[in-house]
Amino acid sequence: MIFITVKFTVRPEYADKWLDLVDDFTRATRAEPGNLFFEWSKSVDNPHEFVLVEAFRDGDAGKAHVEADHFKAGTEAMSYAVAETPRIVSTEIPEMDGWGQMGEVSPRTA
């Protein structure tokens, strides 16, 4: 599995529009056969920072993603809205197919 986290600091005038700006890119990426998940979050500390957490089945799926037309269109659109170059962490996790369970926390009743 290819696991990627990206932090995007956007210009203040785009903070309220960011999720709309990336909506087509998000939908197209989620529809890719090799995409496992593609999730946006907004920082609780910085109102101009968005965090993308994504994963792809393998290196081939990751390669197909960055070569897709919607990737090129999405990054082009984002380039006009970011305040700085996004920061990325990308790693390959062997033999994993998405989310596992966290053993330290489970639902309880009072």
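In what follows, the structure referred to is the one given above.
Starting from 1, residues in each chain are numbered consecutively following that chain's sequence as written. Local features in this predicted model are restricted to residues of pLDDT 70 or higher, and side-chain atom pairs are both shown and tallied only at a pLDDT of 80 or more, whereas totals for entire chains, interfaces and linings draw on every residue. Only hydrogens and water are set aside when side-chain values are computed; all heavy atoms of the structure are taken into account.

## So, the nonpolar core
Condition: In this description, a nonpolar core means a group of buried Ala, Val, Leu, Ile, Met, Phe, Trp, Tyr and Cys residues linked to one another through side-chain atoms lying within 4.5 Å. Relative accessible area decides the class of each residue, using a 1.4 Å probe on protein chains only: under 20% of the type maximum gives buried, over 50% gives exposed, and in between gives partly exposed. Secondary structure follows DSSP: runs of H or I at least 4 residues long count as helices, runs of E at least 2 residues long count as strands, and numbering of each begins at the N terminus.
Core analysis: the largest hydrophobic core is formed by 18 residues, its most contacted members being Phe8, Trp18, Trp40, Leu52 and Met78. Those elements giving two or more residues to this core turn out to be strand E1 (2-9), strand E2 (35-42) and strand E3 (49-56). For this core, the element with the highest residue contribution is E1, accounting for four residues.

## Examining the environment of arginine 30
Under the convention used in this document: It only takes one pair of heavy atoms within 4.5 Å for two residues to be counted as in contact. We define a polar contact as two N or O atoms separated by no more than 3.5 Å, with the added condition that, inside protein, one atom must be a possible hydrogen donor and the other a possible acceptor, whereas residues neighbouring each other in sequence contribute only through side-chain atom pairs.
Looking at the secondary structure, you find arginine 30 in helix H2 (residues 23-30). In this structure the C-alpha to C-alpha distance between arginine 30 and glutamate 54, which are 24 residues apart in sequence, comes to 9.4 Å. Sequence-distant contacts of arginine 30, that is, excluding residues within four places in its chain, are made with Asn35, Phe38 and Glu39. Polar contacts involving the side chain of arginine 30 include one to the main-chain carbonyl oxygen of phenylalanine 38, which spans 2.8 Å.

## Thoughts on the sheet that holds strand E4 (residues 87-92)
Defined as follows: Strand pairing is defined by DSSP finding a minimum of two bridges between the two strands. Where helices are involved, their axes are fitted lines through C-alpha atoms of the stretch in contact, as for all axes, and angles between N-to-C directions lie from 0 to 180°.
The sheet built from four strands is open, its strands ordered E2-E3-E1-E4 with antiparallel pairing. The sheet is open, and its two borders are formed by E2 and E4, each paired with just one other strand. Strand-to-strand twist in this sheet, taken as the mean axis angle between neighbours without regard to direction, amounts to 10 degrees. Where E2 and E3 come together, seven bridges link them in antiparallel fashion. The residue of E3 that forms the bridge with tryptophan 40 is leucine 52. Against the sheet, H2 makes contact with E2 and E3, and its axis sits at roughly 155 degrees relative to E2, the strand it touches most.

## Let's talk about the pattern of salt bridges
What counts is decided by this rule: Whenever Lys or Arg places a side-chain nitrogen within 4 Å of a carboxyl oxygen from Asp or Glu, that contact is recorded as a salt bridge.
This model, assessed by the stated rule, comprises six salt bridges. The residue glutamate 67 makes a salt bridge to lysine 63 at a minimum N-O spacing of 2.9 Å. Taken together, the positions of glutamate 67 and lysine 63, both in helix H3 (residues 59-67) and four residues apart, correspond to about one turn of that helix. Arginine 87 is the salt-bridge partner of glutamate 84, the closest N and O atoms lying 3.9 Å from each other. With relative accessibility at 39%, the residue glutamate 84 sits in the partly exposed group. Three or more residues are tied together by salt bridges with common partners; here these are Glu49, Glu84 and Arg87.

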